Amino acid sequence: MRSRIARFKELRVHTNHATDASIPQEAFDAVNPPLYLLMAHAGDPAIAGPKGMSVAIVSCRPGDKVPLHVHQRSREVFLCLKGRFALRWNEGASEETTLEPFDLIDVPVGVYRQFENVGDEPGLLLAIITDDREDEPGDVAIAPEERARFAERFGPEILEKLTATTGLLFNDPASE
């Protein structure tokens, strides 16, 4: 049972991207807030879990957010542990709710989503992701308007590099 215990104070931030010195750290930070991988099938988690399920805690400072994106195969469940998070969904992030501690939302496959810490203190969000085909690339695509913002901010050549290093699709999945 000892191997099935994850102590938060003993966890280290999980980096879920390859290193590429030609990509500004700011670009990585904009898509990868600090993540503590509690349980997963791969990726050096605290607890080795079953294939198809990952459990992580995302740490966000006030104002931190992830870009609007869609999971094409996986389902995501978020539980606010600390702070306040705006969760936006649908194309253009047209719908929104605020999660406070112990509020939960289940985001199905194919729905665009984005979360942002809208509180005044650092926040913690528990994320549970299920995907029976987790080993296959191409699940997460960044929304077109977010890709345009990244291209404007970091240069269009950075999009291809971000796709290669993070596995997030910064290009049109239909063109693949």
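Residues numbered from 1 in each chain as written. Predicted model: local features only at pLDDT ≥ 70, side-chain atom pairs only at ≥ 80, totals over all residues. Heavy atoms only, no water.

### What to know about the nonpolar core
A general trend in soluble globular proteins is that nonpolar side chains are found buried together.
In step 1: Judged by nonpolar contacts, the single largest core of 18 residues is most densely connected at V58, F78, F115 and L125.
In step 2: Put simply, the parts of the chain that give this core at least two residues each are β1 (35-40), β3 (53-60), β5 (75-82), β6 (85-89), β8 (104-107) and β10 (123-130).
In step 3: Sequence-distant contacts of F78, defined by excluding residues within four places in its chain, comprise L87, L99, D103, L104, I105, V107, F115, L125, L126 and A127.
In step 4: In this structure, F28, A30, V140 and A151 belong to the second largest nonpolar core, which totals 15 residues. (Core = buried A, V, L, I, M, F, W, Y, C linked by side-chain atoms within 4.5 Å. Buried < 20%, exposed > 50% of the residue type's maximum accessible area, 1.4 Å probe, protein only. Helix = DSSP H or I, 4+ residues; strand = E, 2+ residues; numbered from the N terminus. Contact = heavy atoms within 4.5 Å.)

### Side note on unusual backbone geometry
Keep in mind that most residues, glycine aside, have a negative phi and that most peptide bonds are trans.
In step 1: Although it is not a glycine, N90 adopts a positive phi angle of roughly 80°.
In step 2: Topologically, N90 is positioned in the loop between β6 and β7 (95-99).
In step 3: A positive phi angle, near 55°, is found at A93, a position not held by glycine.
In step 4: In this fold, A93 is placed in the loop between β6 and β7.

Geometric descriptors of this kind do not, in isolation, establish any biological role.
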